[in-house]
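So the chains spell out like this:
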Amino acid sequence: MASIKTISKKYVHDLLEQVTDPEIPVIAITDLGIVRDVLITDNFVEVIITSTYSGCPAMIEIEKNIHHVLKKEGIDKFKITTILSPAWTTEWITEKGNQRLKEYGIAPPNPTNPKNIECPQCGSKNTQLLSEFGSTACKSLRKCKDCLEPFDYFKCH
Amino acid sequence: MNQNLFNYTLQHADNCLILGQRLAEWCGHGPVLEQDIAMTNISLDLIGQCRMWYQYAASIQGEGKTEDEIVAFRDAWDYRNTLLVEQPNGDFAQTILRQFLFDTFSVNYYEILIDSNDDQLAAIGAKSHKEACYHVKWSGDWVIRLGDGTEESCDRMKAAMHELWPYSEELTKANETEKKAFEDGYGVDLLALKEKRDAKILEVLIEATLEVPKSTYMHKGGKDGIHTEHLGYILADLQFLQRAYPGLEW
């Protein structure tokens, strides 16, 4: 349990690394770029988050989990604020986040060449789009023409 | 309270909600799995967008109402959505055309809304515009694919055009609320929008080998609460639980 003295921005940020996206449980919300800021005034913590897509159903769960993690560490005075602007972009996903997506079998966003997506299973670039819309709002569905496996691609947004 | 801003916000909230609900009706019934998922994904985006609108409407109203209460306890004549979005799903061609007519509106609408002098509307615009770009690409591709497809798919698109075209113009025809919103700098100039939207529609229709029906008659009224019979049935579904058990949560 943290004493009041130890509450620093970095401390809270490190705690938030324990919170993952319930639909992609390998990626922390801090690596997904949805934690926009942590403000601390007189030991009152404000966590500022933004949603990926406006209808993302994971947001309610994520808020609950942030609540849970902070409470568990003895932080009682806090609030979670959701902001709309600036709108979330996949550019905010960290290098580590992209790496975790790939290891999990989801091709990370490729802003420089969105038509040339690498299969996360076999590494082939010979892949095709099956559908613009995949298992969640943030992904599209692709297929590898070499290993023939379908896979999710995290869309540039 | 700024009554005009409230009405303006509701109009757009209602459009997103009702079309989101219509698309959700396809869940489990799509022609193929990928398109079933596409329609429910778009539905989810629209429901997410309507929540931003309703939350803002609730804060403008300042009566402590929640977004859910605004949705559940208004009758059809208080709904401000355009007639297009409440039209039945029909076959896949009709759903696609309805979506395309709406998406060509919303993608241009949100793009302009980003410059609204109201910060919250500008934020909603920036967030929704990104999503609308996917939607219009999907529905536009399908209009072309079906229109320039087989004899059967082309016939169905022609039938959809005949059915839905008279509902296409209401979206860009400003009512008093929208005129005032534009004058006050927070609303969108629908005349400028119409030009861009019409150009996009024409471009896609030509590629889809489809023609605009000759009749120029256009339905209107939804923005001022005069709806087709369909809206009542949608609301009966949508509002049942809260009407039967007010305030129920789970």
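Our subject is the structure listed above.
These lines cover the structure that appears in this document, whether it is placed above or below. (Residues numbered from 1 in each chain as written. Chains lettered and ligands numbered in written order. Predicted model: local features only at pLDDT ≥ 70, side-chain atom pairs only at ≥ 80, totals over all residues.)

### Side note on the packing of helix H6 (residues 119-147) of chain B against helix H7 (residues 151-164) of chain B
Residue and element names in this part refer to chain B.
Line of reasoning, step 1. The interhelical angle for the contact between H6 and H7, taken along N-to-C directions, is 120 degrees, at an axis separation of 7 Å. In terms of orientation, H6 and H7 fall into the oblique class. Where H6 abuts H7, its residues Val143, Leu146 and Gly147 lie against Ser153, Cys154, Arg156 and Met157.
Line of reasoning, step 2. Of the residues assigned to the contact of H6 with H7, the class counts are four nonpolar, two polar and one charged. (Axes fitted to C-alpha atoms, helices over the stretch in contact; angles between N-to-C directions. Helix = DSSP H or I, 4+ residues; strand = E, 2+ residues; numbered from the N terminus. Parallel < 35°, antiparallel > 145°, perpendicular 65-115°, else oblique. Contact = placed C-beta atoms within 7 Å. Nonpolar A, V, L, I, M, F, W, Y, C, P; charged D, E, K, R; others polar.)

### Brief notes about helix H2 (residues 33-61) of chain B
Line of reasoning, step 1. Taking 1.5 Å of rise per residue, 29 residues should cover 42 Å, and H2 of chain B covers 41 Å from first to last C-alpha, within 8% of that figure.
Line of reasoning, step 2. Directly beyond the C-terminal end of H2 of chain B, a positive phi value near 65 degrees is found at Gly62 of chain B. (Expected span 1.5 Å × (residues − 1).)

### A word on the pairing of strand E5 (residues 78-82) of chain A
On a regular strand, each side chain points to the face opposite its neighbour's, so the side chains alternate between the two faces of the sheet.
Residues and elements named next belong to chain A.
Line of reasoning, step 1. Taken together, the five bridges between strand E4 (residues 44-49) and E5 define a ladder with parallel strand orientation. Each residue of the ladder has a partner; that of Val45, found in E5, is Phe78.
Line of reasoning, step 2. The parallel pair E4 and E5, bridged by helix H3 (residues 58-72), forms a crossover whose chirality is right-handed. (Pairing = 2+ DSSP bridges. Right-handed = clockwise from strand over helix to strand, strands pointing away.)

### A few points about the interface of chain A and chain B
Line of reasoning, step 1. Taken together, the 14 residues of chain A in the interface contact 20 residues of chain B.
Line of reasoning, step 2. Class assignment of the residues belonging to the side of chain A that touches chain B gives a composition of eight nonpolar, five polar and one charged.

### So, helix H4 (residues 95-104) of chain A
All names here are of chain A.
Line of reasoning, step 1. Among all positions in H4, only Gly97, Arg100 and Leu101 are buried. For H4, the angular spread of the buried residues around the axis is 100 degrees, confining them to a single face. Seen from the open side of H4, the exposed residues pointing more than 90 degrees away from its buried face are Glu95 and Glu103.
Line of reasoning, step 2. On its buried face, H4 is in contact with strand E2 (24-28), helix H2 (29-32), strand E6 (106-107) and strand E9 (150-154).
Line of reasoning, step 3. Gly105, located one to two residues past H4, shows a positive phi value of around 100 degrees. (Buried ≥ 20, exposed ≤ 12 C-beta atoms within 10 Å, placed from the backbone. Arc of directions from axis to C-beta.)

### Thoughts on unusual backbone geometry
Residue and element names in this part refer to chain A.
Line of reasoning, step 1. Of the consecutive residues Ser85 and Pro86, the connecting peptide bond is found in the cis state with omega at -5 degrees.
Line of reasoning, step 2. The backbone phi angle of Asp42 is positive, close to 50 degrees, even though this residue is not glycine.
Line of reasoning, step 3. Given 5 C-beta atoms within a 10 Å radius, Asp42 is considered exposed.
Line of reasoning, step 4. A positive phi is found at Leu148, a non-glycine position, where the angle reads about 65 degrees.
Line of reasoning, step 5. Under the C-beta neighbour-count criterion, Leu148 is labelled exposed, with 10 such atoms within 10 Å.

### Points about the nonpolar core
Line of reasoning, step 1. Membership of the largest hydrophobic core comes to 69 residues, with the highest contact counts inside it found for Trp53, Ala57, Leu97, Val143 and Met157 of chain B.
Line of reasoning, step 2. With near-sequence residues (within four places) excluded, Val143 of chain B lies in contact with Ile96, Leu97, Phe100, Met157, Val204 and Ala208 of chain B.
Line of reasoning, step 3. Of all hydrophobic cores here, the second largest spans 37 residues; its members include Val35, Tyr53, Ile106 and Ala137 of chain A. (Core = buried A, V, L, I, M, F, W, Y, C linked by C-beta atoms within 7 Å.)

### Quick look at the environment of Asp36 of chain B
Line of reasoning, step 1. Examined against the element boundaries, Asp36 of chain B turns out to sit in helix H2.
Line of reasoning, step 2. Contact partners of Asp36 of chain B, with chain neighbours within four places excluded, come to Trp26, Cys27, Gly28 and Gly30 of chain B.

### Thoughts on the sheet that holds E9 of chain A
Residue and element names in this part refer to chain A.
Line of reasoning, step 1. The sheet built from four strands is open, its strands ordered E6-E9-E8-E7 with mixed pairing. Of all the strands in the sheet, the pair left with one neighbour each is E6 and strand E7 (127-131).
Line of reasoning, step 2. Where E6 and E9 come together, two bridges link them in parallel fashion. Bridge pairing links Ala107 to Tyr153 in E9.

### Things to note about the packing of H2 of chain B against H6 of chain B
All names here are of chain B.
Line of reasoning, step 1. H6 packs onto H2 with a crossing angle of 165 degrees between their chain directions and a minimal axis gap of 11 Å. Comparing the axis directions of H2 and H6 gives the class roughly antiparallel. As H2 packs across H6, the resulting crossing turns out to be left-handed. Side by side, H2 and H6 meet where Ala38, Ile42, Asp45, Gln49, Met52, Trp53 and Tyr56 of the first sit next to Gln120, Ile124, Ser128, Glu131, His135 and Trp138 of the second.
Line of reasoning, step 2. Its residues assigned to classes, the contact of H2 with H6 comprises seven nonpolar, four polar and two charged. (Left-handed = near helix turned anticlockwise from the far one by under 90°.)

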